[in-house]
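Here is how the chains run, residue by residue.
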Number of protein chains: 2
Amino acid sequence: MIDKEKKFLIVGLGLIGGSYAMGLKEAGYTVYAIDVDPDSIAFAKEQGYIDAGKSEVDPALLGRADVVILGLYPKTMIQWLKDYQQHLKPGAFLTDVSGVKCGVIDQIQGLLRKDVRFIGSHPMAGREVSGVFHSDNRIFQDANFIITPTQKNTQQDIDFVWDIAEVLGFLHISILSPREHDEMIGFVSQLTHAIAVSLMNCNDNTHLKEYTGDSFRDLTRIAKINENLWSELFLLNRETLIQEIDGFAAELQNLREKLVQGDEKGLKKLFIQSTQRRKQFDRTY
Amino acid sequence: MIDKEKKFLIVGLGLIGGSYAMGLKEAGYTVYAIDVDPDSIAFAKEQGYIDAGKSEVDPALLGRADVVILGLYPKTMIQWLKDYQQHLKPGAFLTDVSGVKCGVIDQIQGLLRKDVRFIGSHPMAGREVSGVFHSDNRIFQDANFIITPTQKNTQQDIDFVWDIAEVLGFLHISILSPREHDEMIGFVSQLTHAIAVSLMNCNDNTHLKEYTGDSFRDLTRIAKINENLWSELFLLNRETLIQEIDGFAAELQNLREKLVQGDEKGLKKLFIQSTQRRKQFDRTY
């Protein structure tokens, strides 16, 4: 367990940062926050998510934090660390929440002061809405938390961020290398978003609104997407994502070919395989 | 409203046929059924979904039915009508439940006795499970019902099947030509199933089970698919479906191209468009 005297600082108080703050406060920790938006800070204070917060970088606040959660977009986070790391408390522990790892962790571990520790982690939770105003730490209850250590990290780093994930109530905590993480995320998250976006964009189908059932709604739910965050995530992982798109597109062409050939037996085989595989993904809890 | 003395016969007592029987019985009608599976008939009788039923074609039962609901797969249905239409009551009213229309209605209206009436209709409802044992007429409550008349149909035919849909409690009843219906279904239903199946099949991703969130589960839910029914539906509508696959594949390639070029602005445009369009599909009821 993490010492109750530890003080947390959330940098970037959006949906995830705000939900971290909620969970940490509920667990009895002191939580500070920094966000460029004064309304976000004011709201979080009113709701009791944080003990103190600033809409500009306050060296005194940074200097008091034992643990820093970087809730910023990847590029902004790297710039922020370059600009303000001199104010961090000696020996401070840092982690992030970003959805891609390879392009991010290398840079951070390369530029960081030697007396502070950083380990990458990814809370696989979210909502279709963004901003601290929609914070809800219950989103962690059925979510995965992935820790992505490098050779620069110690077992102590891993244990510490593992404990944070436990405090926040994540269902499942696991460890992957940054490369394994990005390959996994390229398939289960980025490819699915690329498909949903393309399905929504491939023709102006809004006149079909009254005919759509749950299938279409389910497949396109995630086509509502934060363009600033996701364009960054896609481009940071583009080699992997391109490879996943190619694999999927080839499989779709395979199905198309069965249609062209009128190959009923071949189609059935595809349907039997997808049915069998999908059954293994049914939630058992 | 439909005269309470009318007697209904369901031919093919699967999930949809069984759910029709439930709804019609609840509304106070006499319901008969024919299905090759004796267990399905026995179950439906026990549950009170039907008044009488047979697991072989009984000319006497056919001769008593004023309204026949054909709940068979398309090809089986056409063959069944060829074999048994001589037993239908003079002036009987027929409709089907199939998911494609062009390839089905023309054949049926071409082969049918002149003294009976047939109009195509499509209840856009279903579950991930099949068979009469999973019948549930509540699946109609938030579903669309599409009537697909041809020039051979009268306003009286349309009104009659409209009344059936109202008795069954469909949320939204509308009229489309068979061609319009098949184009719509090619996009909102068949393309989505083709995508889900291909996503599930494109690599053996079962090792990623523990990392998948709701996005992947939502996109692949319909990859559990009845191979016999869906291979028939896909092939009966294959020109349209191939066209829809091509449109979607081109859009996915467009997104891929933005990745290759590192075109952040272009990606954002795609995400903004998909977000705006998808918002119009949010349920408002």
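Residues numbered from 1 in each chain as written. Chains lettered and ligands numbered in written order. Predicted model: local features only at pLDDT ≥ 70, side-chain atom pairs only at ≥ 80, totals over all residues. Heavy atoms only, no water.

A. Structural view of the packing of aromatic side chains. For the structure on display, the rule yields 25 aromatic pairs over all chains. Where phenylalanine 271 of chain A meets phenylalanine 234 of chain B, the ring centres are 5.3 Å apart and the plane angle is 90°; that geometry is what we call edge-to-face. Of this pair, phenylalanine 271 of chain A sits in helix H11 (residues 264-279) while phenylalanine 234 of chain B sits in helix H9 (residues 227-236), placing the two residues on different chains. Judged by centre distance (5.4 Å) and plane angle (55°), the ring pair of tryptophan 80 of chain B and tyrosine 84 of chain B falls under tilted. Of this pair, tryptophan 80 of chain B and tyrosine 84 of chain B both sit in helix H4 (residues 74-84), 4 residues apart, which is roughly one turn of that helix. (Phe/Tyr/Trp six-rings, centres within 6.5 Å; stacked < 30°, edge-to-face > 60°. Helix = DSSP H or I, 4+ residues; strand = E, 2+ residues; numbered from the N terminus.)

B. Up close: the sheet that holds strand S4 (residues 67-70) of chain B. All names here are of chain B. Taken in spatial order, the 8 strands line up as S3-S2-S1-S4-S5-S6-S7-S8 in an open sheet, and their pairing is mixed. Because the sheet does not close on itself, it has two edges, and the strands there are strand S3 (52-54) and strand S8 (172-175). Averaged over all neighbouring strand pairs, the angle between strand axes comes to 20°, with direction disregarded. Where strand S5 (residues 93-96) meets strand S6 (residues 117-124), 3 bridges bridge the pair, whose relative direction is parallel. Paired with threonine 95 across the two strands is isoleucine 119, which belongs to S6. Taken strand by strand, H4 contacts strand S1 (7-11), S4 and S5, and its axis lies near 145° from that of S4. (Pairing = 2+ DSSP bridges. Axes fitted to C-alpha atoms, helices over the stretch in contact; angles between N-to-C directions. Contact = heavy atoms within 4.5 Å.)

C. Fine view of the relation of the copies chain A and chain B. By a simple turn and slide, chain A fits onto chain B: the slide is 0.0 Å along the axis, the RMSD is 0.0 Å, and the turn is 180°. Accordingly, the operation relating the two chain copies is best matched by a two-fold axis. When C-alpha distances to the rotation axis are compared across chain A, the minimum falls at leucine 219 of chain A, with a value of 2.3 Å. Most of the interface of chain A is mirrored in chain B: 99% of its interface residues are interface residues there too. (Least-squares fit on C-alpha atoms with pLDDT ≥ 70 in both.)

D. Highlighting the pairing of S8 of chain B. Residues and elements named next belong to chain B. Relative to S8, strand S7 (residues 144-148) runs parallel, the two being bridged by 4 bridges. Looking at S8, one finds that phenylalanine 145 is bridged to isoleucine 173. Where the polypeptide runs from S7 across helix H6 (residues 155-168) and back to S8, its parallel neighbour, the crossover connection is right-handed. (Right-handed = clockwise from strand over helix to strand, strands pointing away.)

E. Layout of the nonpolar core. With 122 residues, the main nonpolar core has Leu94 and Phe248 of chain A together with Phe248 of chain B as its most contacted residues. Ignoring sequence-local partners within four residues, the contact set of phenylalanine 248 of chain A consists of Leu191 and Ile195 of chain A together with Ile195, Ser198, Leu199, Cys202, Phe248 and Leu252 of chain B. (Core = buried A, V, L, I, M, F, W, Y, C linked by side-chain atoms within 4.5 Å. Buried < 20%, exposed > 50% of the residue type's maximum accessible area, 1.4 Å probe, protein only.)

F. Highlighting the sheet that holds strand S5 (residues 93-96) of chain A. All names here are of chain A. Strand order in the open sheet formed by 8 strands is S3-S2-S1-S4-S5-S6-S7-S8, and the pairing between neighbours is mixed. Two strands lie at the open edges of the sheet, namely strand S3 (52-54) and strand S8 (172-175), each paired on one side alone. Strand-to-strand twist of the sheet, defined as the mean angle between neighbouring strand axes without regard to direction, takes the value 20°. Here strand S4 (residues 67-70) pairs with S5 via 4 bridges, running parallel. For valine 67, the partnering residue across the bridge sits in S5 and is phenylalanine 93. Together, strand S2 (30-34) and S3 form the strand contacts of helix H2 (residues 38-46), whose direction differs from that of S3 by roughly 175°. The strands that helix H4 (residues 74-84) touches are strand S1 (7-11), S4 and S5; relative to S4, the one it contacts most, it runs at about 145°.

G. Representation of the packing of helix H10 (residues 238-260) of chain A against H11 of chain A. Residues and elements named next belong to chain A. Two numbers describe how H10 lies on H11: the axes approach to 8 Å, and their chain directions differ by 145°. For the pair H10 and H11, the sense of crossing is left-handed. Mapping the contact onto sequence places Glu251, Asn254, Leu255, Lys258 and Leu259 in H10 and Gly266, Leu267 and Leu270 in H11. A class-by-class count of the residues in the contact of H10 with H11 yields 4 nonpolar, 2 polar and 2 charged. (Left-handed = near helix turned anticlockwise from the far one by under 90°. Nonpolar A, V, L, I, M, F, W, Y, C, P; charged D, E, K, R; others polar.)

Honestly, that's just the spatial picture; any functional story needs more than this.
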